[in-house]
Amino acid sequence: MKKGQIIEGVIERVDFPNKGIIRTEDGRQVIVKNTIPGQKVSASINKIRKGKAEGRLLEVLEKSPLEGDKTGCVHAGECGGCTYQTLPYDRQLEMKAEQVKKLMDDVIDQENRDYQFLGIKESPRQTAYRNKMEFSFGDEFKDGPLALGMHKRGSFYDIVTVENCQIVDEDFRKILSVTLAYFREKNITYYHKLRHTGYLRHLLVRKAVKTGEILVDLVTTTQTDFPGIAAAQMDEVESTLNNAQENAFAGTEEELLEGWKAALLAADYKGIMTGILHTRNDNVADTVTNEGTDVLYGQDFFYEELLGLRFKITPFSFFQTNSLGAEVLYQTAREFIGDALPSGTDADIAEHGKIVFDLYSGTGTIAQILAPVAKKVVGVEIVEEAVEAAKENAELNNLDNCTFWAGDVLKVIDELGEVPDLIMLDPPRDGVNPKALMKILNFGVERLVYIACKPTSLARDLEMIQGRGYKVEKISGVDLFPGTYHVETICQLVKVEKNI
């Protein structure tokens, strides 16, 4: 087997994350992403390392018997988003359950295999479930017209305009269409990632499910030397370039943004337009970085409600992207840690209550959900903006037993001056820094609940956690991302022996 070789085969299984397995005639395994069990595919070998081979999907030659007749989205296969949308939803849940269970069984100590695996809890919505999208500006093919949407599958540069995306509601789609039409008309350039030239970068849209409030943020560079379509982004055909320059926008940035704001406000929405923002970002990385934000209309925050509590959300603070699914997730987390918390009157809780650490606390959602049944909850989050929002949210919800610290868990945990009874962990995708995890485990709390947005990170961290005397009692998945391979995983662990 060599690079560039074309192979064909049937996908035997899909391992997390999104790793389809083909077995060749000589018995070797090849990983092919963006596939579904049972599909017959062709792939080009693009990586061989330590005896393992990976292939790039070329074509689905035959559908899987598991797939339905309809995709539900006209962008299926082209957009790099929803790999599993051709699968019936119950089968998606079954496949995710199989993947998570296999990952956990591979790392959980043999004597602890009696843990409860509760499967994958479904999302209350399978379409229009997202409350946040980061759309990218670019072109759909080299020198093509301005596009706004998601990256094309397998491409770092090409953008698919997803005006019919089904994982968001019609307000998202309308905001995308209005924005794209406006900047196309003005012939404004997108930021070219190789040349580091151009103006338009991202469009951030957030909408609350419960309140219907909408926040829109246009992310651009500070390169405001209009006209927009530069020669470097054209086909260098003279007539085309001349035409573009004749129609190019020749005003100021302030005039350009005022026109965009007016176009957005002229449209009708099911929700309520709460704020229109403009963020500057000259960082060369292809991420949304806040280097200064101006409010063009309204305010720079909106409100969402979860489990009877109200949360103020700012443009860049973390908040679960599936609000209704987040209620399922946090209700499960509360159940996992809850039976270790005393019930009764406020006086009972004050006397016998527990101190809970909520590490990687974001805008304080979990902390505040636990606060009514805890003596005190201490949240730690590295994003200062999120910490300020958490403090405001606690005040908004009349919770006076929550405190929030801004900083890296690894450093801040030594400064808290508290000893927790229980710990809730909800780390970023890559899991917990090993040094921070060691400090966390040194508290020796009776119960630890770990929420993982990437189960492979949980699997890695479980090895150290079990080595420090903890036993897995329960694991449950929650599907916050229907149609995709992502899944949230919650693990309940209890202390069974003293620290080594």
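Above this text you will find the structure in question.
Let us look at the structure shown here. Everything quoted here is computed from the prediction, not taken from an experiment.

**Some thoughts on unusual backbone geometry**
- Put simply, F16 and P17 share a cis peptide bond, and its omega is -5 degrees.
- As for its placement among the helices and strands, P17 is situated in the loop between strand 1 (6–15) and strand 2 (19–23).
- Its identity is not glycine, yet A128 carries a phi of approximately 50 degrees, on the positive side.
- Summarising the element assignment, A128 is placed in the loop between strand 6 (116–121) and strand 7 (132–139).
- Positive phi is not limited to glycine here, since L307 has a value of about 50 degrees.
- Topologically, L307 is positioned in the loop between strand 14 (302–306) and strand 15 (309–313).

**A short note on the packing of helix 2 (residues 170–185) against helix 4 (residues 253–266)**
- One can describe the packing of helix 2 onto helix 4 by two numbers: an axis separation of 10 Å at closest approach and a directional angle of 145 degrees. For the pair helix 2 and helix 4, the sense of crossing is right-handed. Contacts from I175, V178, T179, Y182 and F183 of helix 2 reach helix 4 at E255, L256, G259, W260, A263 and L264.
- Split into classes, the residues belonging to the contact of helix 2 with helix 4 amount to 8 nonpolar, 2 polar and 1 charged.

**Describing helix 2**
- Taking 1.5 Å of rise per residue, the 16 residues of helix 2 would be expected to cover 22 Å, and the 22 Å separating its terminal C-alpha atoms lies within 8% of that figure.
- All of the buried residues along helix 2 are D171, F172, I175, L176, V178, T179, L180, Y182 and F183.
- Where helix 2 starts, the residue carrying a side-chain oxygen 2.9 Å from the main-chain nitrogen of D171 turns out to be D169.
- Note on helix 2: the residue one or two positions beyond its end, N187, has a positive phi of about 55 degrees.

**Some details on the pattern of salt bridges**
- For the coordinates displayed, the defined rule picks out 21 salt bridges.
- For K132, the salt bridge is made with E134, and the minimal N-O distance between the two is 3.5 Å.
- Judged by relative accessible area, which is 17%, K132 ranks as buried.
- We note a salt bridge from E418 to K376, for which the minimum N-O separation is 2.5 Å. One end of the pair, E418, is in the loop between helix 9 (409–412) and strand 19 (422–425); the other, K376, is in strand 17 (residues 376–381), and 42 residues separate them in sequence.
- Overall, the relative accessible area of 24% leaves K376 in the partly exposed class.
- Three or more residues are tied together by salt bridges with common partners; here these are R91, E94 and E98.

**What to know about the sheet that holds strand 11 (residues 213–220)**
- The 7 strands are arranged 9-8-7-10-11-12-13 in an open sheet whose pairing can be described as mixed. Across the chains shown, the open sheet's two edge strands, defined by having one partner strand only, are strand 9 (159–161) and strand 13 (293–298). Strand-to-strand twist of the sheet, defined as the mean angle between neighbouring strand axes without regard to direction, takes the value 35 degrees.
- Direction of pairing for strand 8 (residues 146–151) relative to strand 9: antiparallel, over a ladder of 3 bridges. Following the sheet pairing, M150 is matched in strand 9 by V160.
- Contacting strand 7, strand 8, strand 9, strand 10 (200–207), strand 11 and strand 12 (272–280), helix 2 runs over the sheet at an angle of about 155 degrees to strand 10.

**Quick notes on the side chain of S136**
- Relative to the elements of secondary structure, S136 occurs in strand 7.
- Beyond its immediate chain neighbours, meaning those up to four positions away, S136 contacts A147, L148, G149, H151, I159, R201 and H202.

**Observations regarding helix 8 (residues 384–396)**
- Along its 13 residues, helix 8 runs 18 Å from first to last C-alpha, staying within 8% of the 18 Å computed at 1.5 Å per residue.
- Of all the positions in helix 8, only A386, V387, A389, A390, N393 and A394 are classed as buried. Projected onto a plane normal to the axis of helix 8, the buried residues spread over an arc of 160 degrees and lie on a single side. Structural note: helix 8 exposes E384 and E395 on the side pointing more than 90 degrees away from its buried face.
- Buried residues along helix 8 sit against strand 15, helix 7 (365–370), strand 17 and strand 18 (402–406).
- A positive backbone phi angle near 60 degrees is found at N398, which sits one or two residues after helix 8.

Criteria and thresholds
Residues numbered from 1 in each chain as written. Predicted model: local features only at pLDDT ≥ 70, side-chain atom pairs only at ≥ 80, totals over all residues. Heavy atoms only, no water. Helix = DSSP H or I, 4+ residues; strand = E, 2+ residues; numbered from the N terminus. Axes fitted to C-alpha atoms, helices over the stretch in contact; angles between N-to-C directions. Left-handed = near helix turned anticlockwise from the far one by under 90°. Contact = heavy atoms within 4.5 Å. Nonpolar A, V, L, I, M, F, W, Y, C, P; charged D, E, K, R; others polar. Expected span 1.5 Å × (residues − 1). Buried < 20%, exposed > 50% of the residue type's maximum accessible area, 1.4 Å probe, protein only. Polar contact = N/O pair within 3.5 Å; in protein donor to acceptor, adjacent residues only side chain to side chain. Salt bridge = Lys/Arg side-chain N within 4 Å of Asp/Glu carboxyl O. Pairing = 2+ DSSP bridges. Arc of directions from axis to C-beta.

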